[in-house]
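# A structural walkthrough
Below, each chain spelled out in residue letters.
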Amino acid sequence: MLPSSPQPEPPALLKKNREALLTQQLQLERRQLERLKHDFTYNLQLLRERDTELEKYDIEVAAMRAELEQRDKRTRDAKRQAEEAAARLEHVGERAAQAEAAKAEEEAAAATLRETLSRKASEAKRLQNEAEALRKTRAELQAEVARAQRQSTEHAQEVAHV
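These numbers were taken from a predicted model, which means no experiment stands behind them.

The helix and strand inventory of the protein chain stands at two helices and zero strands. Taken against the 2.2 N^0.38 rule, which gives 15 Å for 162 residues, the C-alpha radius of gyration of the protein chain at 36 Å runs more than 25% over that of a compact globule. With respect to the principal axes defined by its C-alpha atoms, the protein chain has extents near 130 × 35 × 15 Å. If you take every contact in the protein chain between residues at least 6 apart in sequence, the share linking residues at least 24 apart comes to 95%. Taken as a whole, the protein chain presents about 12000 Å² of accessible surface, with 53% of it coming from carbon and sulfur. Charge-centre separation for the protein chain: the mean point of 30 positive side chains lies 4 Å from the mean point of 31 negative side chains.

On to the packing of aromatic side chains. Under the criterion given, the structure shown has zero aromatic pairs. The ring of Tyr57 has Lys56 lying over it, and the distance from NZ or CZ to the ring centre is 5.4 Å.

Right, let's get into the environment of Leu28. Considering the arrangement of structural elements, one finds Leu28 in helix H1 (residues 11-88). When the C-alpha positions of Leu28 and Ser152 are compared, they lie 9.5 Å apart, and in sequence the two are 124 residues distant.

The subject of this paragraph is the pattern of salt bridges. Inspection of every chain in the model, using the stated rule, returns 15 salt bridges. Residues Lys120 and Glu60 are paired through a salt bridge, measuring 3.3 Å at the closest nitrogen-oxygen approach. One end of the pair, Lys120, is in helix H2 (residues 93-161); the other, Glu60, is in helix H1, with 60 residues separating them in the sequence. Note on Lys120: relative accessible area 23%, which makes it partly exposed. Of the charged contacts in the structure, one is a salt bridge between Arg74 and Glu106, with a shortest N-O distance of 3.7 Å. Placement of the pair is Arg74 in helix H1 and Glu106 in helix H2, with a sequence separation of 32 residues. In this structure Arg74 comes out as partly exposed when scored by relative accessible area, which is 38%. Within this structure, Arg50, Glu53, Glu123, Arg126 and Glu130 form a network of salt bridges that share partners.

Among soluble globular proteins, nonpolar side chains are generally buried collectively. Formed by Leu33, Leu36, Phe40, Leu44, Leu141, Val145 and Ala148, the largest nonpolar core amounts to seven residues. For this core, the secondary-structure elements that each account for two or more residues are H1 and H2. The element best represented in this core is H1, accounting for four residues. By size, the runner-up hydrophobic cluster in this structure holds six residues, among which are Val61, Met64, Ala110 and Leu117.

Conventions and cut-offs
- Residues numbered from 1 in each chain as written.
- Predicted model: local features only at pLDDT ≥ 70, side-chain atom pairs only at ≥ 80, totals over all residues.
- Heavy atoms only, no water.
- Helix = DSSP H or I, 4+ residues; strand = E, 2+ residues; numbered from the N terminus.
- Rg over C-alpha atoms; globule rule 2.2 N^0.38 Å.
- Contact = heavy atoms within 4.5 Å.
- Areas by Shrake-Rupley, 256 points an atom, 1.4 Å probe, with all protein chains shown as cover.
- Lys, Arg positive; Asp, Glu negative; His and termini not counted.
- Charge placed at Lys NZ, Arg CZ, Asp CG, Glu CD.
- Phe/Tyr/Trp six-rings, centres within 6.5 Å; stacked < 30°, edge-to-face > 60°.
- Lys NZ or Arg CZ within 6 Å of the ring centre and 35° of its normal.
- Salt bridge = Lys/Arg side-chain N within 4 Å of Asp/Glu carboxyl O.
- Buried < 20%, exposed > 50% of the residue type's maximum accessible area, 1.4 Å probe, protein only.
- Core = buried A, V, L, I, M, F, W, Y, C linked by side-chain atoms within 4.5 Å.

Now the structure itself:
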C-alpha cells in the first residue's frame, strides 16, 4: 500500500484553529496589558510618594534656612556685642569671654545647621533625580500601555472579522 499524502485540513477546522490561536494571543495580550496597568499604577504611586517626600523636604529646608538666617543674625549680633563690650570694658575680660563663648556656640550651631541643610539639599536632589527617572519610566509605560491597547484592539478586530 502506498503511503497516502496528508489530507488538507478542512477550511472550517483551519478557521477554528486560527480563531483559537487569535483568542489565546488576545488573552495573553490582555494579561500583559493588565500587568502594564498594574506596574503603571504602582510607579505612579511611587511618584506621588516621592513628590510628597520632596515637598516635605522643601518645607524642612525652608524652615532650616530661616532658622539659619536667624542664627546667623544672632551670631552677627553676638559678635557685634562682644566687640562693643571688649571696647568698653577691656578690664572685664570675663564678660568678653562669655560673649565670645556665646558667639562660638552660635557659630557651632550655625555650622551644624549648614551641614544638615547641605545633607537635606543633597537628599532632595537625589529624590528629584529619582522622581525624574520615575517620571520617565511612567511616560515609557504609558506609551507601552497605549501600544498594547492598540494591539489588543487590532487583535480583537481580527478575531471579530474571522
